[in-house]
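If you want the building blocks of each chain, they are given just below.
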Amino acid sequence: MRYKTIDFSKYSSFKMGPTLEVALLESSIQSIDSYYLIGSCNNTLVGPQTPNLITLSKEYDFIKIENERLVIGGATPSGKIASFCKKHNIANFEFLSHLPGKLGGLVYMNAGLKEYEIFNLLIDVSTLSGRKQKSEIEYGYRYTTITEPILQASFELEYGFDVKKLEMFKDMRSNQPSTPSAGSCFKNPKGDYAGRLIEAVGLKGFMRGAICFSKEHANFLVNNGGGVFEDAIWLIQEAQKRVFDKFDIWLECEIVVLDERYMGSNSPLLKKEV
Ligand SMILES: Cc1cc2nc3c(=O)[nH]c(=O)nc-3n(C[C@H](O)[C@H](O)[C@H](O)COP(=O)(O)OP(=O)(O)OC[C@H]3O[C@@H](n4cnc5c(N)ncnc54)[C@H](O)[C@@H]3O)c2cc1C
């Protein structure tokens, strides 16, 4: 197995975490059982008790048109996909110019902006155990039933890159903070907004160390510089407790927490007893 050194305080969008040796998932590897797969950590909090990590190697960083389809490798950054589509006048991927991540992470989370979601044009995904059609996968808002590494995916090809949409997506971003974050901290509960609930329990702008729920958008947990994992977790749990006490709603993390104390079915982040 080959490894690469990653300093998560620079690599992750939350700008926090240790420096670790991360294994590389190359085409010769058949199973990743003892590893947790990461992409570009735009949706991830990396804690001190990190599991063994693995990431797709450069082999999976590609984008091409093949048999009237757009075929994209799992390690391809969203910006590269958006640039390719602009250059080749391909429609429907404009939203990726304002959505950070690599293709594998974007598909795994069904990432999107409002009704523009990565699953809209998906045809199939290739994983370690073979190809899966879209119809074999359940998916919804920030949710899919994919449990394996996504090595590549193919998408319907339509022509007509829309420059006007770029402005629209930029505007959608205007209420989001530019301070380091990992995107939305919680999924919006049905019929409500996590940001509204966090504000309603007095946590919008509330600081713990260098970390707070942003004053600009309460569902963005932001690192104002040198923030530590324990403070981020404290704020996440405090928001879950307060919102449950007041509204009987359990806020489900959208952020992925990579620390063995908070992972798996026994994670305190999943418990509703308060
Ligand atoms: C400022 C900001 C704004 C954001 N706004 C949005 C938004 O509007 N909408 C939205 O949907 N998201 C948003 N996000 C979150 C982020 O863009 C997405 O979740 C993106 O999909 C993360 O991709 P990644 O490669 O960084 O994944 P990572 O954070 O590295 O991983 C996230 C999850 O994906 C899994 N994963 C990663 N790669 C693969 C793979 N190849 N195969 C299978 N599973 C994999 C990981 O195991 C992990 O569970 C935002 C993030 C930031 C920082």
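Residues numbered from 1 in each chain as written. Predicted model: local features only at pLDDT ≥ 70, side-chain atom pairs only at ≥ 80, totals over all residues. Heavy atoms only, no water.

### Quick look at the site of the ligand
So, step 1. In the vicinity of the ligand there are 33 residues, among which Y36, L37, T44, P100 and G112 approach most closely.
So, step 2. Here an oxygen atom of the ligand sits 2.7 Å away from a polar atom, N or O, in the main chain of L37.
So, step 3. At 2.9 Å, a backbone N or O of K102 approaches an oxygen atom of the ligand.
So, step 4. Summarising the interface, the protein chains cover 93% of the accessible area of the ligand, which totals 980 Å² for the free molecule.
So, step 5. Mapped by element, the contributors of at least two residues to the shell around the ligand are β3 (36–38), α3 (103–108), β8 (112–113) and β15 (181–184).
So, step 6. Top element by residues in the shell around the ligand is α3. It accounts for four residues. (Near = heavy atom within 4 Å. Polar contact = N/O pair within 3.5 Å; in protein donor to acceptor, adjacent residues only side chain to side chain. Areas by Shrake-Rupley, 256 points an atom, 1.4 Å probe, with all protein chains shown as cover. Helix = DSSP H or I, 4+ residues; strand = E, 2+ residues; numbered from the N terminus.)

### Some details on the state of the cysteines
So, step 1. One pass over the full model with this rule turns up zero disulfides.
So, step 2. A disulfide-free cysteine, C41 has its sulfur positioned 15 Å from the sulfur of C253, the nearest such atom. (Disulfide = S-S within 2.5 Å.)

### A closer look at the pairing of strand β5 (residues 53–56)
So, step 1. Of the two faces of β5, the one lined by L53 and T55 and the one lined by I54 and L56 are each fully buried.
So, step 2. By the bridge criterion, three bridges tie strand β2 (residues 19–25) to β5 in an arrangement that is parallel. Note that in β5 the partner of A23 across the bridge is I54.
So, step 3. For β3 and β5, the ladder comprises three bridges, and the chain directions are parallel. Bridging across to β5, Y36 finds its partner in L53. (Buried < 20%, exposed > 50% of the residue type's maximum accessible area, 1.4 Å probe, protein only. Pairing = 2+ DSSP bridges.)

### Some remarks on helix α2 (residues 78–87)
So, step 1. Within α2, burial applies to S78, I81, A82, F84 and C85. In an axial view of α2, the angular spread of the buried residues amounts to 160°, which keeps them on one side of the axis.
So, step 2. Elements in contact with the buried residues of α2: β6 (63–66), β7 (69–73) and α3.
So, step 3. Immediately downstream of α2, the backbone of N89 shows phi near 55°, a positive value. (Arc of directions from axis to C-beta. Contact = heavy atoms within 4.5 Å.)

### Re the side chain of N110
So, step 1. Structurally, N110 can be placed in the loop between α3 and β8.
So, step 2. The class for N110 is buried, based on a relative accessible area of 0%.
So, step 3. Of note is the side chain of N110, whose polar atom sits 3.2 Å from the backbone nitrogen of F119.
So, step 4. Excluding residues within four positions of it along the chain, N110 makes contact with E117, I118, F119, Y139, G140, R142, Y143 and T144.

### Description of the nonpolar core
So, step 1. Grouped together as the largest cluster of nonpolar side chains are 31 residues, with contacts concentrated most on L70, F93, L96, V107 and F155.
So, step 2. Elements that contribute at least two residues to this core include exactly β7, α2, α3, β10 (122–127), β14 (150–156) and α4 (163–172).
So, step 3. Considering every element that reaches this core, the biggest residue donor is α2, with four residues.
So, step 4. Not counting the four nearest positions on each side in its chain, F93 is found in contact with L70, I81, A82, C85, L121, F155 and E156.
So, step 5. By size, the runner-up hydrophobic cluster in this structure holds 28 residues, among which are L45, A194, V201 and A232. (Core = buried A, V, L, I, M, F, W, Y, C linked by side-chain atoms within 4.5 Å.)

### Here we look at the environment of A239
So, step 1. Inspection of the secondary structure assignment puts A239 in helix α6 (residues 229–247).
So, step 2. On the basis of relative accessible area, A239 is assigned to the buried category, the value being 0%.
So, step 3. When the C-alpha positions of A239 and L203 are compared, they lie 7.1 Å apart, and in sequence the two are 36 residues distant.

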